[in-house]
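# Tertiary structure, described
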Amino acid sequence: QVQLVESGGGLVQPGGSLRLSCAASGFTFSIYDMHWYRQAPGKEREFVARIGSVGYTNYADSVKGRFTISRDNTKNTVYLQMNSLKPEDTAVYYCKGYSSWGPGTQVTVSS
């Protein structure tokens, strides 16, 4: 069955960096777009970034220039490199692909 598992979340100070990973299985990873979303406490889930099957990317305005999405089709894994983190980036980050969601990983940006 389709499975997406995020990892790499944690507590980081403002201005710091984290790299999230999402390992996928159960579908032909290389031909599908992959996405990152996030949900902050009391807010709706929102789009963060997308990477297409051939590598084109797009980002939410709030993360453009700070976050980078990438993929390794040999490892069936999508990444989200997050730099210059801000307190407002605090959220549970979710990977989405093949119409399925992972369970999420918590990112907390605080001093």
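Source: prediction; values computed, not measured. Per chain, the residues get numbers from 1 upward, laid out in the order the sequence is written. Under the rules for a predicted model, residues below a pLDDT of 70 receive no local features and side-chain atom pairs below 80 are neither given nor counted, while totals for whole chains, interfaces and linings still include all residues. Hydrogen atoms and water are omitted, and side-chain values are computed over all heavy atoms in the structure.

Let us now look at the sheet that holds strand E3 (residues 18-25). Across the sheet, four strands lie side by side as E1-E3-E8-E7; this open sheet has antiparallel pairing. Two strands close off the open sheet at either side, each with one partner strand: strand E1 (3-7) and strand E7 (67-72). For this sheet the average axis-to-axis angle between neighbouring strands, irrespective of direction, equals 15 degrees. Bridging between E7 and strand E8 (residues 77-82) involves six bridges; their strand directions are antiparallel. Following the sheet pairing, isoleucine 69 is matched in E8 by leucine 80. By this definition, two strands are paired if DSSP reports at least two bridges between them. Strands here mean DSSP runs of E at least two residues long; helices mean DSSP runs of H or I at least four residues long; both are numbered from the N terminus. An axis is simply a line fitted to the C-alpha atoms; with a helix, the fit covers only the stretch in contact. Between two such axes, the angle follows the N-to-C directions and lies from 0 to 180 degrees.

This part is about the state of the cysteines. Here, the term disulfide refers to a pair of cysteine sulfur atoms separated by no more than 2.5 Å. This model, assessed by the stated rule, comprises one disulfide. Put simply, cysteine 22 and cysteine 95 are joined by a disulfide, and their sulfur atoms are 2.2 Å apart. What sets the handedness of the cysteine 22 and cysteine 95 disulfide is the S-S torsion sign, and at about -80 degrees it is left-handed. Here the residue cysteine 22 occupies a position in strand E3, and cysteine 95 occupies one in strand E9 (residues 91-97), the gap between them amounting to 73 residues. Across the pair, cysteine 95 and cysteine 22 agree in class, each one buried. Remark: exposure states derive from per-residue accessible area (1.4 Å probe, protein chains only) relative to the maximum for the residue type, with buried under 20%, exposed over 50%, and partly exposed in between.

This part covers the pairing of E8. Within E8, five of the six residues are buried, leaving the element largely enclosed by the surrounding structure. When E3 meets E8, the two strands line up antiparallel, connected through six bridges. Across the sheet, leucine 20 pairs through a bridge with leucine 80, a residue of E8. Linking two consecutive strands that pair antiparallel, namely E7 and E8, is a turn of four residues; a positive phi of about 50 degrees is found at asparagine 76 within it.

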